[in-house]
Amino acid sequence: MIKMPQSVYDEIVAHALKDTPIEACGYLAGINGEVKYAIPMKNTDASNEHFSFDPQEQFDAFKKTQKEGLRLISVYHSHPETPARPSEEDIRLAYDPNVSYIIVSLAGEVPDMKSFIIKNKTVEKEEIQIILE
């Protein structure tokens, strides 16, 4: 289970809506499955079907969270036109089995956010608990 403050949920959805029609992407910083904040990143692919992080932004995010005693516990991205489930490419590129992979779909009338654990190309749905602040 990943625990996420309502404000972070809202920030991720807003990022997805702002970047549409391309995929929005970023990290979630936290510890022990509890999200502390989002780190929106630039999709250097500028694509509606896939994303890549800027290496310098990745390094900066890693350094910042380590300095604060936190970890990068999740990668998030949006699917502007498809459901909130990992694509074949998402599964193939899920290199870190220790993070959650969160997908926000904008395909329906309301945004749909889901979280997954992906290990050895196996996808397991993960519950997201929204924490009201």
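Predicted model only: the values in this text are computed from it and were never measured. (Residues numbered from 1 in each chain as written. Predicted model: local features only at pLDDT ≥ 70, side-chain atom pairs only at ≥ 80, totals over all residues. Heavy atoms only, no water.)

A.B. asks: It is not clear to me how the overall build of the protein chain should be interpreted in this structure. Could you clarify?
C.D. replies: What the protein chain contains, in helices and strands, is three helices and eight strands. Here the protein chain has a C-alpha radius of gyration of 14 Å; the compact-globule value for 133 residues is 14 Å, and the two agree. Referenced to the eigenvectors of the C-alpha coordinate spread, the extents of the protein chain come out at roughly 35 × 35 × 30 Å. Within the protein chain, contacts between residues at least 6 apart in sequence are counted, and of these 63% link residues at least 24 apart. Approximately 7,500 Å² of the protein chain is accessible, and the part contributed by carbon and sulfur atoms is 51%. Taking the average location of the 14 positive side-chain charges in the protein chain and that of its 22 negative ones, the two points are 6 Å from each other. (Helix = DSSP H or I, 4+ residues; strand = E, 2+ residues; numbered from the N terminus. Rg over C-alpha atoms; globule rule 2.2 N^0.38 Å. Contact = heavy atoms within 4.5 Å. Areas by Shrake-Rupley, 256 points an atom, 1.4 Å probe, with all protein chains shown as cover. Lys, Arg positive; Asp, Glu negative; His and termini not counted. Charge placed at Lys NZ, Arg CZ, Asp CG, Glu CD.)

A.B. asks: Explanation requested: the pattern of salt bridges in the structure shown.
C.D. replies: Note that side chains of opposite charge can pair when their charged atoms are close. Overall, the coordinates contain five salt bridges when judged by the stated rule. R92 is paired through a salt bridge with E89; the nearest N and O atoms lie 3.8 Å apart. With a gap of three residues between them, R92 and E89 both fall in helix 3 (residues 88–92), about one helical turn apart. By relative accessible area, R92 is classed as partly exposed at 46%. Under the relative-accessibility criterion, E89 is labelled partly exposed at 26%. (Salt bridge = Lys/Arg side-chain N within 4 Å of Asp/Glu carboxyl O. Buried < 20%, exposed > 50% of the residue type's maximum accessible area, 1.4 Å probe, protein only.)

A.B. asks: Mind showing me how you'd approach the side chain of E126 here?
C.D. replies: Here E126 shows up in strand 7 (residues 122–126). The buried charged residue E126 lacks any salt bridge, with K119 as its nearest oppositely charged partner at 9.3 Å. Here the side chain of E126 touches S100 through a polar contact of 2.6 Å, side chain to side chain. Polar side-chain contacts of E126 include one of 2.6 Å to the side chain of S115. Look past the residues within four positions of E126 in its chain and what remains in contact with it is M1, I2, S100, S115, F116 and I117. (Polar contact = N/O pair within 3.5 Å; in protein donor to acceptor, adjacent residues only side chain to side chain.)

A.B. asks: For this particular structure, what's the right way to read the nonpolar core?
C.D. replies: Note that soluble globular proteins tend to have their nonpolar side chains buried in a common cluster. Y27, I39, M41, F53, V75, Y101 and I118 are the most contacted members of the largest nonpolar core, which has 20 residues in total. Mapped onto this core, the elements with two or more residues apiece are strand 2 (25–31), strand 3 (34–41), strand 4 (71–79), strand 5 (100–105) and strand 6 (112–119). Once residues within four sequence positions are removed from consideration, Y27 is found in contact with Y37, A38, I39, M41, F53, Q58, A61, L72, S74, V75 and Y76. (Core = buried A, V, L, I, M, F, W, Y, C linked by side-chain atoms within 4.5 Å.)

A.B. asks: When you look at the environment of I39 in this model, what are you seeing that I'm missing?
C.D. replies: Inspection of the secondary structure puts I39 in strand 3. Residue I39 is classed as buried on the basis of its relative accessible area of 12%. A sequence separation of 23 residues divides I39 from A16, and the C-alpha atoms of the two residues are 13 Å apart. Sequence-distant contacts of I39, that is, excluding residues within four places in its chain, are made with G26, Y27, A29, A61, T65, L72 and Y76.

A.B. asks: Could you clarify how one ought to interpret unusual backbone geometry in this entry?
C.D. replies: A negative phi angle is the norm for most residues apart from glycine, just as the trans form is the norm for most peptide bonds. In the segment running from T20 into P21, the intervening peptide bond is cis, with an omega of 20 degrees. Mapped onto the fold, P21 is located in the loop between helix 1 (6–19) and strand 2. With a phi angle near 45 degrees, A46 is a residue other than glycine that sits in the positive phi range. Position of A46 relative to the elements: it lies in the loop between strand 3 and helix 2 (55–67). Backbone geometry places N120, a non-glycine residue, at a positive phi of 50 degrees.

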